[in-house]
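What follows is the residue order along each chain.
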Amino acid sequence: MVAAHHRKWIGDRMTQTTTDQADQRIAKMTDKPPFWRDVRKLSWGFQIAVLSIVLFVLYILYNNVRVNSQNLGIPINFDFLGQPSGFTIPANPLRETQAVKHAFVQGYLNTLRVAVVGLLLSTILGIAVGIGRLSGNWLIRNLTRIYVEIIRNIPLLGIVMFSYLALVLSVLPKTEDSWSLGALFLGNNRGMTVPWITGSMPLFLGLVLVAGIIAWAVRTWRQKTSERTGEPGREMLWSVPIFLLIVFWGAVILGNGLTTPSLEGRKVEGGMTMQPEYFALLVALVLYTASHIGEIVRGSIQAVPKGQNEAASALALSSWQRMRHIVLPQALRVAVPSLGNQYLNLVKNSSLGFVISYFELVKVTSTTIGNRSPAVPAYMLMMCLYLATSLVVSALVNYANRRMQVAS
Amino acid sequence: MRKTSALWALLMALVLASAACTSATSDGEAADSSGTTADAGTDDGGDDATDDGGDDATDDGGETVELTQGGGLLASVQAAGELKCGTRDALAGFAVLQGDGTHVGFDSDFCRVIAAAVLGDAEAVDHVDLETADRFTALQSGVVDVLVRNTTWTASRDGSEGATFLQTNFYDGQGMLVNAGSYANLGDMDGSVICVAAGTTTEGNVASEFERLGMGVEVLSFEDNDLIQEAFTNDRCDGWSADSSALSGIRANFPDGPDAVTILPEVFSKEPLGPAVADGDTQWAQAVEWAIFATIQAEEFGITQSNVDSFLTSDNPNIQKFLGVEIDGASLDPGLGLPTDFAYQVIKQVGNYAEIFERHLAPLGLSRGVNALWSDGGLLYAPPYR
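Since the model is a prediction, treat every value here as computed from it, not as a measurement. (Residues numbered from 1 in each chain as written. Chains lettered and ligands numbered in written order. Predicted model: local features only at pLDDT ≥ 70, side-chain atom pairs only at ≥ 80, totals over all residues. Heavy atoms only, no water.)

In this structure, what is going on with the overall build of chain A? I would like to understand it.
Along chain A, the regular secondary structure elements total 13 helices and 8 strands. A buried classification covers 37% of the 408 residues belonging to chain A. In chain A, 66% of the contacts between residues at least 6 apart in sequence involve partners at least 24 apart. For chain A, the accessible area works out to roughly 23,800 Å², and carbon and sulfur atoms hold 66% of it. (Helix = DSSP H or I, 4+ residues; strand = E, 2+ residues; numbered from the N terminus. Buried < 20%, exposed > 50% of the residue type's maximum accessible area, 1.4 Å probe, protein only. Contact = heavy atoms within 4.5 Å. Areas by Shrake-Rupley, 256 points an atom, 1.4 Å probe, with all protein chains shown as cover.)

It is not clear to me how the overall build of chain B should be interpreted in this structure. Could you clarify?
A tally of helices and strands in chain B yields 15 helices and 15 strands. Accessible area for chain B stands at about 15,800 Å²; split by element, carbon and sulfur atoms hold 51% of it.

Even after reading the chapter, I still don't get unusual backbone geometry, so can you show me in this structure?
Leave glycine aside and you will find that most residues have negative phi; peptide bonds, for their part, are mostly trans. Residue and element names in this part refer to chain A. A positive phi angle, near 65°, is found at A316, a position not held by glycine. Summarising the element assignment, A316 is placed in the loop between α10 (306-314) and α11 (319-349). Overall, the relative accessible area of 66% leaves A316 in the exposed class.

Which parts of the structure should I look at to understand the interface of chain B and chain A?
By convention, interface size is frequently given as the accessible area that disappears when the constituent parts associate. Listed as interface residues are 47 residues of chain B and, on the opposing side, 48 residues of chain A. Summed over both partners, the interface of chain B with chain A comes to about 4,000 Å²; 58% of that surface belongs to carbon and sulfur atoms. Put simply, chain B and chain A have 3 salt bridges between them. The shortest N-O distance in the salt bridge between E211(B) and R95(A) comes to 2.6 Å. Applying the counting criterion to the chain B and chain A interface returns 10 residue pairs in polar contact (both at pLDDT 80 or more). Elements supplying a minimum of two residues to the side of chain B that touches chain A: α1 (2-39), α7 (155-160), α8 (201-213), β11 (218-222) and α9 (225-233) of chain B. Tallying contributions element by element places α1(B) first for the side of chain B that touches chain A, with 11 residues. The residue inventory of the side of chain B that touches chain A, partitioned by class, reads 18 nonpolar, 17 polar and 12 charged. (Buried area = accessible area lost by both parts, 1.4 Å probe. Salt bridge = Lys/Arg side-chain N within 4 Å of Asp/Glu carboxyl O. Polar contact = N/O pair within 3.5 Å; in protein donor to acceptor, adjacent residues only side chain to side chain. Nonpolar A, V, L, I, M, F, W, Y, C, P; charged D, E, K, R; others polar.)

Sorry, what's going on with the sheet that holds strand β4 (residues 103-104) of chain B here?
In a beta sheet, neighbouring strands pair by backbone hydrogen bonds and run either parallel or antiparallel. All names here are of chain B. Pairing is antiparallel in the open sheet, where 3 strands are placed in the order β2-β3-β4. If you trace the sheet from one side to the other, it starts and ends with β2 (90-91) and β4, each paired once. Here strand β3 (residues 95-97) pairs with β4 via 2 bridges, running antiparallel. Residue pairing for β4: V96 is matched across the bridge by V104. (Pairing = 2+ DSSP bridges.)

Help me understand helix α3 (residues 39-72) of chain A, please; the structure alone is not making it clear to me.
In an α-helix, one turn spans 3.6 residues, which is why side chains three or four residues apart end up on the same side. All names here are of chain A. Across its 34 residues, α3 extends 49 Å between first and last C-alpha, which sits within 8% of the 50 Å expected from 1.5 Å per residue. Among the residues of α3, those classed as buried are V50, I53, V57, I60, N64, S69 and L72. Its side-chain oxygen at 2.9 Å from the backbone nitrogen of R40, D38 defines the N-terminal cap of α3. G73 lies just past α3 and shows a positive phi near 75°. (Expected span 1.5 Å × (residues − 1).)

Which parts of the structure should I look at to understand the packing of α10(A) against α11(A)?
A pair of packed helices can be characterised by two numbers: the angle between their axes and the separation between those axes. All names here are of chain A. It is at 10 Å that the axes of α10 and α11 come closest, and there the two elements cross at 160°. By the angle between their directions, the pair α10 and α11 is classed as roughly antiparallel. For the pair α10 and α11, the sense of crossing is right-handed. Of the residues in α11, those touching α10 at Q308, N309, A312 and S313 are R322, I326, V327 and Q330. Class assignment of the residues belonging to the contact of α10 with α11 gives a composition of 3 nonpolar, 4 polar and 1 charged. (Axes fitted to C-alpha atoms, helices over the stretch in contact; angles between N-to-C directions. Parallel < 35°, antiparallel > 145°, perpendicular 65-115°, else oblique. Left-handed = near helix turned anticlockwise from the far one by under 90°.)

It is not clear to me how the packing of helix α4 (residues 100-133) of chain A against helix α9 (residues 276-303) of chain A should be interpreted in this structure. Could you clarify?
Residue and element names in this part refer to chain A. Where α4 meets α9, the axes come as close as 6 Å, and the angle between the chain directions of the two elements is 40°. For the element pair α4 / α9, the angle class is oblique. Relative to α9, the crossing made by α4 is right-handed. The class makeup of the residues in the contact of α4 with α9 is 17 nonpolar, 7 polar and 4 charged.

Would you mind showing me how to read a negative patch on the surface here?
On the surface, D89(B), D129(B), E131(B), D134(B), D224(B), D226(B) and E230(B) cluster together into a negatively charged patch. Residue classification places E131(B) among the partly exposed residues on the basis of a relative accessible area of 41%. (Patch = residues over 30% accessible without salt bridge, like charges linked within 9 Å, V, L, I, M, F, W, Y side chains within 5 Å. Lys, Arg positive; Asp, Glu negative; His and termini not counted. Charge placed at Lys NZ, Arg CZ, Asp CG, Glu CD.)

Even after reading the chapter, I still don't get the state of the cysteines, so can you show me in this structure?
Every disulfide links exactly two cysteines, by a covalent bond between their sulfur atoms. Residue and element names in this part refer to chain B. In the structure shown here, the tally under the stated rule is 2 disulfides over all chains. Paired by a disulfide, C85 and C111 hold their sulfur atoms 2.0 Å apart. Judged by the sign of its S-S torsion, about -70°, the bond between C85 and C111 is left-handed. Of this pair, C85 sits in strand β1 (residues 83-87) while C111 is found in helix α5 (residues 106-119), placing the two residues 26 residues apart along the sequence. Residue C111 is classed as buried on the basis of its relative accessible area of 0%. At a sulfur-sulfur separation of 2.1 Å, the disulfide partner of C195 is C237. Linking C195 and C237, the disulfide has an S-S dihedral of approximately -100° and is accordingly described as left-handed. Within this pair, whereas C195 is found in strand β10 (residues 193-197), its partner C237 is found in the loop between α9 and β12 (239-243), the two being separated by 42 residues in sequence. Judged by its relative accessible area of 0%, C195 falls in the buried class. By relative accessible area, which is 0% here, C237 ends up buried. (Disulfide = S-S within 2.5 Å.)

I would appreciate a short explanation of the pattern of salt bridges in the present structure.
Pairing of side chains with opposite charge becomes possible as their charged atoms draw close. Here the structure, examined in full by the defined rule, presents 14 salt bridges over all chains. Across the pair D259(B) and R251(B) runs a salt bridge whose closest N-O atoms are separated by 3.9 Å. Given the relative accessible area of 66%, D259(B) is considered exposed. Each member of the salt-bridge network shares a partner with another, and the members are R133(A), E149(A), R152(A), E295(A) and R298(A).

Got a minute to help me understand a nonpolar patch on the surface in this structure?
Together, V65(A), I76(A), F78(A), V376(A), M380(A) and M383(A) make up an exposed nonpolar region whose accessible area comes to about 490 Å². Among the elements that line the nonpolar patch, the one with the most residues is helix α13 (residues 375-404) of chain A, at 3 residues.

Read these as spatial facts, not as claims about activity.
Set out below in structure tokens:
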């Protein structure tokens, strides 16, 4: 590029000299410039300089921490993980005599619990909102638009606090006037409780898996029969009862039972309880993330060429079929990288649970520091766990992205 | 190409700027710490302290600045002319930030006591409001010179938070606040939910007390008291646990009136609250400690804010030494690095222990209890000033 430019310029100026002479001069000028003019060498030098400065700064920071902690007699190591934690975690089995590492494990699991469920729900809600934003229905279009514009323009911390103060503390009833659906549901500000399985959980999950496989096999068999004979398959009518029967009798044989929620004084006994703090955080995270995902989905749908939709209409597909089979598969392919960013944000944003006493990783970390764990290593551990989680999420998104790309 | 180089240039500028700032501070600190290491362990530090107290602290600014480079916090506070005191903004009776920007309370007054002793001016205090979870980090990093933020003295805080706890100025214990009529004592509270402030020993105390009683409770912890109050009044939690003194203040100011809530009779922990300084500077620790002692000693002598001037002519040699009155042309200088009249300044400007207590804690309905003088059967006892 440069050489060609030169040649043209020099050529224009030196119409008198012979082409040979001109070529020689140009060769002299472009072959071996001095190193301060060699872009490649310069950029190398520049990068080395920047890198060494960055390393130097990091070293100074590290050394500051090390020297200052040494002077103050604060250890920088991970021995504190074996010390007794000294606190308990609501709705978790941690005892105050158990080691700090157990607290970290439970805190991390709580983070995952809210992140995974949050990912699923916000994706579903986000796609619905994204479709709604483009709906032909005036009401749906404008409702989703108001939702998106309000929620995505409020800081998440505000939504979390509002969700806790307004939803959990004000709307959920006190234990005396709990919402109750007999043995099926019990809701109050101590949590929302549904019936749950007792006995060995792994055995029960295994049972569900086996029943699922059998039910699936029956469904496939019915489909095949239907295709062969042309009679209606009635797949669901066969497979669902079979699944339920296997699970029911299997559970009876394996000794699994059912506990139903009941109120003893102010305490909820039995069943599976969703903590109010978890609920508040989940609602806030899902609402916030879905408002962003909705915009991504809307943009991606708009990025699908109009002709696709028109061609689908020409094939007499219904609007649902067009969306489900033609538009969405192409739109989501465009959306995946941006969705990945939202997923990463959601995982990290779950740390805001700490303001409403949801014991996720950050809350556990700051609580152990309050109970005499050293701050610097504890925060380092916390950051590493977040980093690892984010890298895994990121890798999964990249994998999905590669899988969904059209081969080119 | 142009875009990339612009990016590089920006990055470079950022890196250079941060490098400049960081290396400047770290250089300073490195020099400081090496100075301290050289001094520590030898008797240099002690000598410095004596010289300092003897000649310079009163007038010569130049000398004091020179001492700052020696590494002592006492000298650098005196050079700065202001005490950075770690405190809080909303604990009734102990430290409350008023609308006009002043701090009022028992702890705030002890910040003033230290400033009066070290600087001769009780108002030369920068009250730094700290979150509970940040307080030790602030102390370790030098954001504050001293922490007077009703902080409990425990072995692990002494050991691994890099803090040195000094003379306890308030002996407290943890209690439980519940809605009036809901529970009669701790033993009834099985299966209840307890709210506490995050990052305190309170959290662990509740856990271990109920573990001892063999009962299960859930402990929710929040960053600030307003949120706890919101959760408590909405019945999200059945009990609110904190130091008894703090609970008295909360009860006195409870939105539905003090009779809507009761404090259970049990006190289930020892909570000695006192000032703390960072490890490694004995001279500063002693200066702060003797400022606290001065308020206790003054009460023992019966010296108050209003009658302190009349004691300047006292015949009692102990009182003369204590107030820094000149005897035969010289006043007693025990070599703490404090001005010789520091006790006089403390009493004149802030008052003795009883006065500070009456001013801030008595209105909450707290009685002296174990916080009485040793001569009245309490725990407060100051070593002799001689």
